[in-house]
Amino acid sequence: MNSLTTDRANSSNSCSIGSSKRKRGSISFADQTEEDVVATTNTPAQNDIVLLNNLGVDCFEHGILTDATKCFQNAMEIFSSRPGGSITTNLTSMSSQVSCISLDSSSQSSPDKVLVTTSAHDQDVIMEDAESAASDSEASGTEKHQLSTAPILQGSPSPPRSEYDEGITCYNRPLRIDNSKSDDYHSTAPTLLFNVGQLHSLEGDDTTAERYFLQALDILQQRFESNHRDEGMELDASARLDNDVSIDAIPILHNLARIYYRAQNYKLAMDMYFRALDIAQQDEQASSSLANTLNCIGVLFFHMGGNTEKNATKALDMFNASLVVRKKLIEQAEDPNHNSYKLLKQELATTMNNTGRIHYMLGDHNAALVTYIDALKLRREILPSLHLDLAASAYNLGQTYHQLGNLTEAMKLYQEFHSIITRIFVGKNHRDLAIILKCMAQVHHDQSQYEEAARLYYKSLETTKAALGDFHPEVASLLNKIGNMHYENSDFSSAIRVYEEGLVVEQAVLQHDHPNIVVTLTNIAQSQKHKGNYYAALERYVEAHALQKAILGDKDPKVAVTLSNVAQVSCRLGRFTRAFDAYQEVLQIRRDAFGDDHVEVAATLNSIGLVLFKQGFHGLAIESFRESLRVRKLCLGSQHRDVAVVLYNIATTHLEQGDEELATEYYAETLRVERTALGNDHRDLAVTLQHIGQIHRQRGELDVALGYFKEALRIEKLNLGDSSTVVARLLNKMGNIYLAKADVINMMQCFTEATRIYELCGETDNANGDLEISGYNFYCLSITNPECAAAA
């Protein structure tokens, strides 16, 4: 590996094919140019090794991997047959092999050379984070990474997929041997070993690839020690590798890091990358090696578990440092038309895209937007229109616009991504097609365009099942979204059907106590409750509660939320004792978690008051309401809507006790707070106005009552339109007041309009459409006309 070009910016030259006459189907020795077989003083066997290695590189570049493998293997056989040329195959264990490599990563470069400095303490923290992440994965039973096909677009960190470039595969090509400097074992063997390791890595055989890479690194170490012994220098732990040795080590370290990363051994992966970083920082000039290594460390931090925000911040530092180097390399480039210049810009765009993902993860969507726009612009300049990396940038920018609420721009970019991948993966049910269909559906969903959202959601579901199978976590996630859409569209039957299907999938592919199962059970229960199927709702709530307790314990506030739903449905079913007991448990959990003066405690006290009210314990109900009122005023202020709710409940309880004076007083206070908190046109006011009007009607103060009902009617018409059954019922009540006033004209107008609305809404064939006529002046008619007696 003497004087090999390892920077990607220059690798296209070093790996170029020597003859334009060479055909793609096969490559023979006769195809070699004079450049490939420069006459040297090497032995014929040595020339054959160089020839075979470089021919293997040509085959690899042409995609003829079988011939490349044969070339490298033949080269190694020739090398091993030479005196002193055998290559050890019995390696020590991975951990001891790695630990014996003294590529120093703790010594400090001079300040003017170091772009990223990491103190010994910080490196300790880095290693602890990596080790913790690996431990977490093992504890949760996560399988080791193979060549993953998981998406790396953005969102929660996940292993990289091969289609999209994060820059982590920057040294994934075999390397040529410079035959002018390849006259000994320590110069030739590392290249051969590296190249064979590359082939095994490409095939997914990381165990064998690791063995070859470790051997190559070990031989470089031997070369380093041999060079120092020849010069009579004393070796110590802080000694740096010679420049030609250390530069050759960088691609090996990168490939080892990638293997350990795929195996989720983040500690070893990070160690390899930091060793490469220390070597790259020895060069006073900016280099692709330095930029690539900084970028790869950033990618590893992005995908690591543990403290996500902490690792994201470290990743951002690495990406920013890599961007500085990449921009400097572009400034220094001599020929903007050369392929190496385009490669530099492509790598810059990759790191920009990575930086945008960190901003997105940290919730800084405006910063992500700026970075993604720049990355996409750059990729449009240098990549063909049907390129996956261009598609990835469009998708990421689309997601950012989506998060910022710019649905028009989001949809344009989603459609661009969709157009690219459907032409690349023609006829395939590709996972990313399912993802983008889901995103496009979400845009329509957010705009309440349920019909088009449903079409795209179900198309995404079909594609997801075809790509991943019927039982996969992504299928379950998509079913949950579809269920949510039906729920929001008040199609509760469809919501229940889809949620139930999702539950079956989740129970098949997730652990039995996974939090997502709790969410789905709760969604089913909510839908059943809205349909009035309280028994079915209660059953699912109880299941969700039991599962939550198993996951979180008895005292978690999330458990209290589900238990509160159990209590609410129990109350609807008339099971007041069970409801009261459940609310008492909720109250205890929330007081233990939040203290006595918290809005959640106030909400529970209000609910307890409602249960007591329904049981006829009006005095106890008022006590609970008043304590809720005290806490809400303390936490929310006296002019909040939730304060008005409790005031209304107190007023209604006093009215039920027959205390009209106190009821009127509290209703008036409720109305005042509602006007302040909600304005004069909110429907809450209409309810309060009707109660006040009803009290005045019962007192015989008909004109005052009529004034309240008229204002309530105005509000309901404003919010619901003129033809709502709510408006009809209000007109019915007003007609009865006019009847009591003997105002026949207005009475008939109200009754006629109410009847018209009932008929329009199709309510005339059920009890909801019955016109209720009652009043003081009407009772005399019932003597001669019994069928006209009041209904209420």
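Residues numbered from 1 in each chain as written. Predicted model: local features only at pLDDT ≥ 70, side-chain atom pairs only at ≥ 80, totals over all residues. Heavy atoms only, no water.

### Looking at the overall build of the chain
Reasoning step 1: Regarding its fold elements, the chain presents 32 helices and zero strands.
Reasoning step 2: The proportion of buried residues among the 792 residues of the chain is 51%.
Reasoning step 3: The contacts of the chain with a sequence gap of at least 6 include a subset with a gap of at least 24, amounting to 64%.
Reasoning step 4: Here the chain displays about 35700 Å² of accessible surface, and carbon together with sulfur accounts for 49% of that area. (Helix = DSSP H or I, 4+ residues; strand = E, 2+ residues; numbered from the N terminus. Buried < 20%, exposed > 50% of the residue type's maximum accessible area, 1.4 Å probe, protein only. Contact = heavy atoms within 4.5 Å. Areas by Shrake-Rupley, 256 points an atom, 1.4 Å probe, with all protein chains shown as cover.)

### A look at the nonpolar core
Reasoning step 1: Counting residues in hydrophobic clusters, the biggest one holds 79 residues, and the most contacted among them are Ile252, Leu256, Tyr260, Ile297 and Leu300.
Reasoning step 2: If one sorts the elements of this core by residue count, helix H9 (residues 266-280) sits on top with eleven residues. (Core = buried A, V, L, I, M, F, W, Y, C linked by side-chain atoms within 4.5 Å.)

### Section: helix H12 (residues 339-361)
Reasoning step 1: Its 23 residues place the ends of H12 33 Å apart at the C-alpha level, agreeing with the 33 Å of an ideal helix rising 1.5 Å per residue.
Reasoning step 2: A large share of H12 lies buried, amounting to 19 of its 23 residues. (Expected span 1.5 Å × (residues − 1).)

### Things to note about the side chain of His359
Reasoning step 1: Here His359 lies in helix H12.
Reasoning step 2: The contact partners of His359, leaving out residues within four places of it in the chain, are Leu316, Asp364, His365, Ala367, Ala368 and Thr371.

### Describing the packing of helix H16 (residues 431-446) against helix H18 (residues 473-488)
Reasoning step 1: Relative orientation of the contacting elements H16 and H18 amounts to 15 degrees, with a least axis distance of 12 Å. In terms of their interaxial angle, H16 and H18 are classed as roughly parallel. When the axes of H16 and H18 are compared, the crossing they make is left-handed. Facing H16, whose interface residues are Arg431, Lys438, Gln442 and His445, H18 presents Glu474, Leu478, Lys481, Asn484, Met485 and Glu488.
Reasoning step 2: Tallied by class, residues from the contact of H16 with H18 come to two nonpolar, three polar and five charged. (Axes fitted to C-alpha atoms, helices over the stretch in contact; angles between N-to-C directions. Parallel < 35°, antiparallel > 145°, perpendicular 65-115°, else oblique. Left-handed = near helix turned anticlockwise from the far one by under 90°. Nonpolar A, V, L, I, M, F, W, Y, C, P; charged D, E, K, R; others polar.)

### As for the side chain of Gln528
Reasoning step 1: Among the structural elements, Gln528 can be located in helix H20 (residues 515-530).
Reasoning step 2: Not counting residues up to four positions away in its chain, the partners in contact with Gln528 are Ile496, Asn533, Ala536 and Ala537.

### Details of the confidence of the model for the chain
Reasoning step 1: On average, residues of the chain score 81 in pLDDT, and 76% of them are at 70 or above.
Reasoning step 2: Throughout residues 1-41 the model reports pLDDT below 50, and contacts reaching past four residues in sequence, or to other chains, amount to 98 contacts.
Reasoning step 3: Within the model, pLDDT remains below 50 along residues 233-243, and this stretch shows 24 contacts once partners closer than five positions in the same chain are excluded. (pLDDT = per-residue confidence, 0-100.)

### Observations regarding the pattern of salt bridges
Reasoning step 1: Inspection of every chain in the model, using the stated rule, returns 27 salt bridges.
Reasoning step 2: Between Arg262 and Asp206 there is a salt bridge whose closest N-O contact spans 2.6 Å. Note that Arg262 is positioned in helix H8 (residues 243-262) and Asp206 in helix H7 (residues 206-230), a separation of 56 residues in sequence.
Reasoning step 3: Arg699 is the partner of Glu661 in a salt bridge, and the nearest nitrogen-oxygen pair spans 3.3 Å. Residue Glu661 is found in helix H27 (residues 660-678), and its partner Arg699 is found in the loop between helix H28 (683-698) and helix H29 (702-720); the two are separated by 38 residues along the sequence.
Reasoning step 4: Accessibility expressed as a relative area gives 56% for Glu661, which makes it exposed. (Salt bridge = Lys/Arg side-chain N within 4 Å of Asp/Glu carboxyl O.)

### Description of the packing of aromatic side chains
Reasoning step 1: Taken as a whole, this structure holds six aromatic pairs when the rule is applied.
Reasoning step 2: Look at Tyr261 and Tyr266: their rings are 6.2 Å apart centre to centre, the planes differ by 45 degrees, and that puts the pair in the tilted class.
Reasoning step 3: A residue is classified by how much of its surface remains accessible, and Tyr261, at 2% relative accessible area, is buried.
Reasoning step 4: Seen in terms of ring centroids, Tyr395 and Phe417 are 5.3 Å apart; in terms of plane orientation they differ by 50 degrees. Their pairing is tilted. You can see Tyr395 sitting in helix H14 (residues 388-403) and its partner Phe417 sitting in helix H15 (residues 407-424), a full 22 residues away along the chain. For the residue pair Tyr395 and Phe417, the accessibility class agrees, reading buried in each case.
Reasoning step 5: Connected via pairs of aromatic rings, a cluster forms that spans Tyr395, Tyr414 and Phe417.
Reasoning step 6: Taking NZ or CZ as reference, Arg211 lies 5.8 Å from the ring centre of Tyr212, over its face.
Reasoning step 7: When the ring centre of Phe302 is taken as reference, the NZ or CZ atom of Arg357 above it lies at 4.2 Å. (Phe/Tyr/Trp six-rings, centres within 6.5 Å; stacked < 30°, edge-to-face > 60°. Lys NZ or Arg CZ within 6 Å of the ring centre and 35° of its normal.)

### Overview of the environment of Asp681
Reasoning step 1: Residue position: Asp681 is located in the loop between H27 and H28.
Reasoning step 2: Judged by its relative accessible area of 36%, Asp681 falls in the partly exposed class.
Reasoning step 3: Separated by 37 residues in sequence, Asp681 and Leu718 have C-alpha atoms that sit 7.6 Å apart.
Reasoning step 4: What Asp681 contacts, discounting residues up to four positions off in sequence, is Arg714, Ile715, Leu718 and Asn719.

### Details of helix H31 (residues 744-760)
Reasoning step 1: For H31, built from 17 residues, the straight-helix expectation of 24 Å at 1.5 Å per residue is met to within 8% by its first-to-last C-alpha distance of 24 Å.
Reasoning step 2: Buried within H31 we find Met747, Cys750, Phe751, Ala754, Ile757 and Tyr758. The buried residues of H31 all sit within an arc of 125 degrees when viewed along its axis, so they share a single face. Every exposed residue of H31 that faces more than 90 degrees away from the buried side is listed here: Val744, Ile745, Glu759 and Leu760.
Reasoning step 3: Looking at the buried side of H31, the elements it contacts are helix H30 (725-740).
Reasoning step 4: Looking one or two places after H31, you find Gly762, whose phi comes out positive at around 70 degrees. (Arc of directions from axis to C-beta.)

### A look at the packing of H14 against H16
Reasoning step 1: Put simply, H14 and H16 touch, their axes get as near as 12 Å, and they point 20 degrees apart. Classified by the angle their axes make, H14 and H16 are roughly parallel. Note on packing geometry: the crossing formed by H14 with H16 is left-handed. Between H14 and H16, the contacting residues are Tyr395, Gln399 and His402 on the first element and Ile435, Ile436, Cys439, Gln442, Val443 and Asp446 on the second.
Reasoning step 2: When the residues that make up the contact of H14 with H16 are grouped by side-chain class, the tally is five nonpolar, three polar and one charged.

### Examining unusual backbone geometry
Reasoning step 1: Of note, the phi angle at Gln264 is positive, near 65 degrees, even though the residue is not glycine.
Reasoning step 2: Within the secondary structure layout, Gln264 lies in the loop between H8 and H9.
Reasoning step 3: Of note, Ser448 is a non-glycine position whose phi angle comes to about 60 degrees, a positive value.
Reasoning step 4: Tracing the chain through its elements places Ser448 in the loop between H16 and helix H17 (450-468).

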